[in-house]
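# Descriptive analysis of the structure
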Amino acid sequence: WEFNGSFHQPSAFLMMGIPGLEALHHWISIPFCALYLIALSGNCMILFIIKKTQSLHEPMYYFLSMLAVTDLGLVLCTLPTTLGIFWFNMRRIGFDACLTQMYFIHILSFIESSVLLAMAFDRFIAISHPLRHSSILTKTTVIKIGLAIILRGMVSLLPIPFLLKRLTYCEKTELSHSFCFHPDIMNLACADIKVNVFYGMIILLSTVGMDFIFIVLSYILIIKTVVGLATKEECLKALNTCVSHICAVLVFFIPMIGLSMIHRFGKNIPPLVNTLVAYTYLIIPPALNPIIYSIKSSHIREALLRALRR
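Residues numbered from 1 in each chain as written. Predicted model: local features only at pLDDT ≥ 70, side-chain atom pairs only at ≥ 80, totals over all residues. Heavy atoms only, no water.

### Focus on the pattern of salt bridges
- Evaluated as defined, the whole model comprises 4 salt bridges.
- Between Lys-165 and Asp-96 there is a salt bridge; the shortest N-O distance is 3.0 Å. Within this pair, whereas Lys-165 is found in helix H6 (residues 159–165), its partner Asp-96 is found in helix H3 (residues 95–128), the two being separated by 69 residues in sequence.
- When its relative accessible area of 29% is taken as the criterion, Lys-165 is described as partly exposed.
- Between Asp-122 and Arg-123 there is a salt bridge whose closest N-O contact spans 3.0 Å. (Salt bridge = Lys/Arg side-chain N within 4 Å of Asp/Glu carboxyl O. Helix = DSSP H or I, 4+ residues; strand = E, 2+ residues; numbered from the N terminus. Buried < 20%, exposed > 50% of the residue type's maximum accessible area, 1.4 Å probe, protein only.)

Put into structure tokens, the structure is as follows:
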């Protein structure tokens, strides 16, 4: 513990694995290792295929590359501390290191949400205005969208670490997860956390919340356009191009909304449920997204088969 002026700040936090199953951590690490391996290899494969296949140099696949990079970042943020607990029982993490990990986890989560919105916009333009798609979403426009997404995530979350550093912390320093999460750190403070709660809620609603609303709105407009198509075959073909994206949206947003609700309103929910939802939110989407796009996208699948043959 360090005493600095008028507040107490812990030198480190203690992370938690899976509560009640500590004796089985070595066995539990096996499926986690499998998920991390799938996420790392799958997203690297997606990036490699898109880079090497000239026909995939289109806005849809540029956004898919952004999604793959973001998923790789999420995996690399949580892998060291999660496997460190499961393999070596390394529970201690420095205060500043914890804030740094938390900052990047939240930034990457916000970026993934924004990339999914950009992909929904791409699908809307491709279905509603197919002849103007290439002129609206040029390579320069895609780059500008990517930079705007990164800038929005970095700027909106920049005050969070400083808001946490100003708090006085109690003697309890045990986190609920094997990674650092803003509500988790905030709830360890003895001071008034109304500012942290208010700012966190405003940022969550104005970024991820708005992204989700605009994604739903995009699909309402897409369905409205598809219904007006001449034949049933054209309608199904247009909707089939959106299946992968819809799956990615559901895989990301359902656990995220669940985890946010648990941290804010689920005081009586068992710790095991909280932990499992958190792992589902941060590990499952990076592992499933490459599989979803490899199965549903014929272009990705064909490029992958060509690469394997070579």
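Right, picking up where we left off after that structure.
### Considerations on helix H1 (residues 25–52)
- Helix length check: H1 (28 residues) gives 40 Å between terminal C-alpha atoms against 40 Å at 1.5 Å per residue, within 8%.
- Taken as a whole, H1 carries its principal kink of about 25 degrees at Pro-31.
- Regarding H1, the residues found buried are His-25, Ile-28, Ser-29, Phe-32, Tyr-36, Ala-39, Gly-42, Asn-43, Ile-46, Ile-49 and Ile-50.
- Summarising the contacts, the buried residues of H1 are in contact with helix H2 (59–88), helix H11 (271–296) and helix H12 (298–309). (Expected span 1.5 Å × (residues − 1). Bend = angle between axes of the 7 residues up to and from the residue. Contact = heavy atoms within 4.5 Å.)

### Structural notes on a nonpolar patch on the surface
- Together, Met-210, Phe-212, Ile-213, Phe-214, Val-216, Leu-217, Ile-220, Leu-221, Ile-257, Met-261 and Phe-265 make up an exposed nonpolar region whose accessible area comes to about 980 Å².
- For the nonpolar patch, the secondary structure elements donating two or more residues are helix H8 (194–227) and helix H10 (243–265).
- Looking at the nonpolar patch element by element, the count peaks at 8 residues for H8.
- Using a relative accessible area of 42% as the deciding quantity, one classes Ile-257 as partly exposed. (Patch = residues over 30% accessible without salt bridge, like charges linked within 9 Å, V, L, I, M, F, W, Y side chains within 5 Å. Areas by Shrake-Rupley, 256 points an atom, 1.4 Å probe, with all protein chains shown as cover.)

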